[in-house]
Amino acid sequence: MQVKIQPSLRMGTILLLFLLTSEGACAEFFIKKVILIIQPRNEVQRSTNVSLICQAEVSRTAGSHLNYKYIFYKDYQPLNTDQTNAMDSLYSIPDARVGHSGRYKCAVVIEEKKRESNTEYLTVKGLLAPVLTVDKLRLTEGDDVTAVCTAEGETGFLMFFFRDGHEELYRKETNSQKVELKLLLDKGTVNMFCYYSINLGSTAETSNNSNVISIDIEELGIKPNITVIPSTYVTEGDNITFSCSVNMTPQRNTELILSHGRTTLSSNMIHEDYAMLAKANDSGEYECISSLGGVHKSSSLNITVKEIFSIPFLSIHPAEVFEGEYFAITCQIRSLASRIQREDIKYSIFRDKTLVINDNGYNGTAGKATNGKYVCKAEANRIIKESSMLLLGAKVLVSKPEITVDGPVIVDKPFWIRCHSENGSLPIIYSLKSNNFILNRTEVSHFQEEARFLTMISIPSDISRYLCEAENNGQVSIKMSERLHVTVIVPVGKPLLTVLPVPENIEEGNDVTLICGIPKGSPPISFRFYGSNHTAIHTTTVQSNSSSFVLSTVKRKNSGNYYCEAFNMADMSSRSDIVKVEVSLAMWKKALIAVFCMLLVALLVLFIVMRYKAKRVEVNNKESVWSERPPDEADQDSLQSPNEGDIEYTEVVHPQPVDPTQIPLRKGTETVYSELQTSQGTPENINHVSSILSIRMTF
């Protein structure tokens, strides 16, 4: 019989299996704390077995399985890592040494969560005294000895010291427990010992001293003897001979050297002596040095050499000489030994290493040919001495100075005058003069300096009064410049603005000329014209003291205040007074306005006349008045014209009675107009007039 599993049951089974297999992966946990324990205690003696135990206190779900990763640290550096499912881990330090001292801690890592313990300090006490050994106890000077210092079982970085009493022979740092070296010892007996120290961070532990080993060193008999002939006190010109010797059979590698100060005189003193002619600067210590392998021995003596004559002294008179002047050079000896006379000394004077004269004196005329570096040499008894170098440079007389100015010269403004001579030895004294009167004086002592004088003039002609005087060798060297000739700028005076035609007679359509003139000022002069609202309308630069500008066909809008400004290179502008310009109407416009006014008056008069005539025929609106004209000649004429009719209007004004019981609707009088018309026909029909009464009443 086959059992058929429903799909829903199958899915539940798979889910249950998944949960059972992934229980550890989905377990929830929390690392509460981590503890590091040092056993047996935090401070132990060397050779103790020390255990570091890292314990983790973890909160987790029941039945879960966790993997722990333990990391041990020493001095914050990883020391060991352990993977386990236990809740603690052990790290052992067997046979602990001082080098194991330090700060320890541990950390627990579960999946991606990590927690560290507190830091514990482990102290290991007790350093073992080192052991010193050497390969030989007796040796000859120059031989080396091999010494070994061992700190058995110690770990870490150790610093080893080798000493001979208070004298340190050597030191070396290593991470090994022993150090070996070769030492070259150079004295009779050496009492050698060693010790070591280990650095524990803020502190250092030092061991006890090792055993002491005495080493005997046999000195080499190579100390040299030095002698001099004739003696250690000699005079310049004497021959002296040095000898160096060693009281032993010369070996193959033995060297014997003679030196004076830092100068090696001979390196072959074993086979020959060293001879020299004594000079004054040869006084001092002479040393004989013998060398065999790495061993050096020396002997010395002092030599005193007396001068046979002093170093010659060179002088020039006068100390300062100008070109064309005479000078004298003298070479002198101030002291000499009794064994020679002054006549025994031979002199030579050189210029730029070229012989000038074989004598102790030289005269000449200063100039370019005699300029140079002079040296005097004196010789006696095979000794030649040379004087110090003396530079002769004939001074150059000052040349005629040039007088110039810095920048523009403006009347009533300060300016600088500069004096300069192209040639002439320093120092040079410059004087600024006005005609024959000295205004100021200055001395130029360096090439970068210059003579400058600040002054000012009031009128342009004063500029030619200035002169410059230069001297560098008293009155005989005085040179005078030419008079100063430069362009003097006169600032512009106050401008005057002239308007043509006169401002009162300017009409529309006229051309107006603005003329701006100044009483003084150096050209070129710039003029600027301004119109109303202080707007510049024209600018020009001319060589004269006036300029003009034309306003063509002016209009009423050209009316306003006008002025001008003038300025030149003095950078000082001046403004004129304001001129008011009023532009009036043109003549034809004035005539047109007059005609228009006359026509307007005529029309007004005509209107008044017609109005007056119309009012004469008005009649009252309440009655009709027939007016019969007597037959006169005028009527006769009118009757004779059957085609013409006359109508007259008569205005009759009646005062209106006032009824106090009624409120009047309109005040004033009422006007009644009556129309009278004469009929056409003969005079007999005059009385037959048809009338039409028109009544206009206003209530």
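For the structure, see preceding data.
In this report, we go over the structure that sits alongside the text. (Residues numbered from 1 in each chain as written. Predicted model: local features only at pLDDT ≥ 70, side-chain atom pairs only at ≥ 80, totals over all residues. Heavy atoms only, no water.)

### Comments concerning the sheet that holds strand 31 (residues 361-365)
To be explicit about the condition: Two strands pair under a simple rule: DSSP has to find at least two bridges between them. Runs of H or I in DSSP of at least four residues are treated as helices and runs of E of at least two as strands, each being numbered from the N terminus. A fitted line through C-alpha atoms represents every axis, and for helices the fit uses only the stretch in contact; the resulting angles, taken between N-to-C directions, go from 0 to 180 degrees.
Pairing is antiparallel across the open sheet formed by three strands, whose spatial order is 27-28-31. Because the sheet does not close on itself, it has two edges, and the strands there are strand 27 (313-317) and strand 31. Ignoring strand direction, the axes of neighbouring strands in this sheet form an average angle of 15°.

### Overview of a nonpolar patch on the surface
The line we're drawing: Within this analysis, patches are made of residues with over 30% relative accessible area and no salt bridge. Like charges are joined at 9 Å or less; nonpolar side chains (Val, Leu, Ile, Met, Phe, Trp, Tyr) at 5 Å or less. Areas reported as accessible are Shrake-Rupley estimates using a 1.4 Å probe. Residue values count occlusion only from the protein chains shown. Any Lys or Arg side-chain nitrogen found within 4 Å of a carboxyl oxygen on Asp or Glu counts as a salt bridge. Burial classification: accessible surface area is computed with a 1.4 Å probe over protein chains only, and a residue below 20% of its type maximum counts as buried, one above 50% as exposed, and the rest as partly exposed.
Residues Val601, Val605 and Val609 make up a contiguous nonpolar surface patch of roughly 240 Å² in combined accessible area. Examined against the element boundaries, Val605 turns out to sit in helix 2 (residues 587-615). Classification of Val605 by relative accessible area gives partly exposed; the value is 47%.

### Observations regarding the side chain of Ser310
Mapping Ser310 onto the fold places it in the loop between strand 26 (295-306) and strand 27. A relative accessible area of 9% means that Ser310 is categorised as buried.

### A short note on the pairing of strand 14 (residues 167-174)
Here seven bridges tie strand 13 (residues 158-164) to strand 14, and the two strands are oriented antiparallel to one another. Among the inter-strand pairings, Leu158 is bridged to a residue of strand 14, identified as Thr174. Hairpin remark: strand 13 followed by strand 14, antiparallel, with two residues in the connecting loop; positive phi at Gly165, about 65°.

### Thoughts on the nonpolar core
Defined as follows: We call a set of buried residues a nonpolar core when its members are Ala, Val, Leu, Ile, Met, Phe, Trp, Tyr or Cys and they connect through side-chain atoms within 4.5 Å of each other.
Leu132, Val134, Phe160, Phe162, Leu185, Met192 and Ile215 are the most contacted members of the largest nonpolar core, which totals 25 residues. At the level of elements, strand 10 (131-134), strand 12 (144-150), strand 13, strand 15 (178-184), strand 16 (189-199) and strand 18 (213-218) are the ones that each hand at least two residues to this core. Examining the composition of this core, we find that five residues originate from one element, strand 16, more than from any other.

### Details of the state of the cysteines
Where two cysteines share a covalent bond between their sulfur atoms, that bond is called a disulfide. We apply this condition: The rule for a disulfide is simple: a pair of cysteine sulfur atoms within 2.5 Å.
Across all of its chains, the model carries six disulfides by this definition. With a sulfur-sulfur separation of 2.1 Å, Cys54 is cross-linked through a disulfide to Cys106. With the S-S dihedral at roughly 80°, the linkage between Cys54 and Cys106 falls on the right-handed side. Highlighted residues: Cys54 in strand 3 (residues 50-60) and Cys106 in strand 7 (residues 102-110), separated in sequence by 52 residues. Overall, Cys54 belongs to the buried group, its relative accessible area being 0%. For Cys106, a relative accessible area of 1% corresponds to the buried category. The disulfide partner of Cys331 is Cys376, and the S-S distance across this bridge is 1.7 Å. Handedness here is read from the sign of the S-S torsion; for Cys331 and Cys376, about -85°, the answer is left-handed. Here the residue Cys331 occupies a position in strand 28 (residues 326-332), and Cys376 occupies one in strand 32 (residues 372-380), the gap between them amounting to 45 residues. With respect to burial, Cys331 and Cys376 carry one shared label: buried.

### Structural notes on unusual backbone geometry
Cis geometry marks the peptide bond from Ile229 to Pro230, where omega comes out at 15°. Tracing the backbone through its elements, the reader meets Pro230 in the loop between strand 19 (224-229) and strand 20 (233-235). Going from Leu426 to Pro427, the amide bond is cis rather than trans, its omega being 0°. Within the element layout of this structure, Pro427 appears in the loop between strand 37 (415-420) and strand 38 (428-434). In this structure, Glu111 is a non-glycine residue whose phi angle is positive, near 55°. Structurally, the position occupied by Glu111 is in the loop between strand 7 and strand 8 (113-116). Judged by relative accessible area, which is 54%, Glu111 ranks as exposed. A positive phi angle is found at Asp412, which is not glycine, with a value near 65°. Positionally, Asp412 belongs in the loop between strand 36 (409-410) and strand 37.

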